[in-house]
Amino acid sequence: VQLQASGGGLVQAGGSLRLSCAASGGTASRFVVGWFRQAPGKEREFVGAWRQNGGYTYYADSVKGRFTISRDNAKNTVYLQMNSLKPEDTATYYCAADNSLILSSIRDPQQYDYWGQGTQITVSS
């Protein structure tokens, strides 16, 4: 599985950004693409995930209702649409993937085998 993340940048609070993660090679029924973020001095935390089996999406409580994950099958790309951004959303964002995650492992970054490069999101107040 190869991942290529893009997007990110600087935005004012309340603004929107969209991240893209082009994920090639993932076709297993338990293929999952996850989004994580890491702020300086903090642990990497789960943001959301998309699951191949059924196309379900999952979100951290901190972003639920503001962030939306979608998938373009033709482009093998998973998107993270981020609305109503807050300064506390500032972090380096990563997409990750795995071919055999079970549902209970989706929020654990250590369970993902493949990672894209990080992209910085800075939200100014």
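Quantities reported herein were computed from a predicted structural model and do not represent experimental measurements. (Residues numbered from 1 in each chain as written. Predicted model: local features only at pLDDT ≥ 70, side-chain atom pairs only at ≥ 80, totals over all residues. Heavy atoms only, no water.)

What to know about the packing of aromatic side chains
Keep this limit in mind: Stacked, edge-to-face and tilted labels apply to pairs of Phe, Tyr and Trp rings (six-membered ring for Trp) whose centres lie within 6.5 Å, assigned for plane angles under 30 degrees, over 60, and everything in between, in that order. Helical segments are the DSSP runs of H or I of at least four residues, strand segments are the runs of E of at least two, and each set is numbered from the N terminus. Exposure categories follow from relative accessible area, calculated using a 1.4 Å probe and restricted to protein chains: below 20% of the type maximum is buried, above 50% is exposed, and the middle band is partly exposed.
On inspection of all chains with the given rule, the structure shows five aromatic pairs. Summarising the aromatic geometry, the rings of phenylalanine 36 and phenylalanine 46 are spaced 5.8 Å apart at their centres and angled 70° between planes, so their arrangement reads as edge-to-face. A residue pair is termed long-range when its members are at least 10 positions apart, and phenylalanine 36 in strand β4 (residues 32-38) and phenylalanine 46 in strand β5 (residues 45-51) qualify at ten residues. With respect to class, phenylalanine 36 is no different from phenylalanine 46; both count as buried. With a centroid separation of 5.3 Å and 50° between ring planes, the pair formed by phenylalanine 36 and tryptophan 115 is classed as tilted. Taken together, the residues phenylalanine 36 in strand β4 and tryptophan 115 in strand β10 (residues 114-115) connect sequence positions 79 residues apart. With a relative accessible area of 29%, tryptophan 115 lands in the partly exposed category.

Points about the sheet that holds strand β7 (residues 67-72)
Threshold: Pairing between two strands requires that DSSP report at least two bridges joining them. For helices, the axis comes from a line fit to the C-alpha atoms of the stretch in contact; other axes are also lines fit to C-alpha atoms, and the angle between any two N-to-C directions lies between 0 and 180 degrees.
Taken in spatial order, the four strands make up an open sheet running β1-β3-β8-β7, and their pairing is antiparallel. Only two strands of the sheet have a single partner each, and these edge strands are β1 (2-6) and β7. The mean angle between the axes of side-by-side strands here comes to 15°, regardless of whether they run parallel or antiparallel. One ladder, built from five bridges, connects β1 with strand β3 (residues 17-24); its direction is antiparallel. What sits directly across from alanine 5, in β3, is cysteine 21.

Some details on the side chain of arginine 51
Using the following cut-off: Here the positive residues are Lys and Arg and the negative ones are Asp and Glu; neither His nor the chain ends is included. Counted as salt bridges are all cases of a side-chain nitrogen of Lys or Arg within 4 Å of a carboxyl oxygen of Asp or Glu. Under this definition, polar contacts are N or O atom pairs within 3.5 Å; protein pairs additionally need one hydrogen-donor-capable and one acceptor-capable atom, and for neighbouring residues in sequence, both atoms have to be side-chain atoms. Every residue pair with non-hydrogen atoms within 4.5 Å of one another is taken to be in contact.
Within the secondary structure, arginine 51 is located in strand β5. The buried charged residue arginine 51 lacks any salt bridge partner; its closest oppositely charged side chain belongs to aspartate 98, at an N-O distance of 12 Å. One polar contact links arginine 51 to tyrosine 58, side chain to side chain, over a distance of 2.9 Å. Among residues more than four places away in sequence, those in contact with arginine 51 are Phe31, Val32, Tyr56, Tyr58, Leu103 and Ile106.

So, the nonpolar core
Operational definition: By nonpolar core is meant a set of buried Ala, Val, Leu, Ile, Met, Phe, Trp, Tyr and Cys residues that side-chain atoms within 4.5 Å join together.
One finds Val33, Trp35, Phe67, Leu80, Met82, Tyr93 and Tyr112 to be the most contacted residues of the largest nonpolar core, which totals 37 residues. Here this core gets five residues from one element, more than from any other, and that element is strand β9 (residues 91-98). Among all residues touching phenylalanine 67, those that are not within four sequence positions of it are Arg37, Val47, Tyr59, Leu80, Gln81, Met82, Asn83, Leu85, Asp89 and Tyr93.

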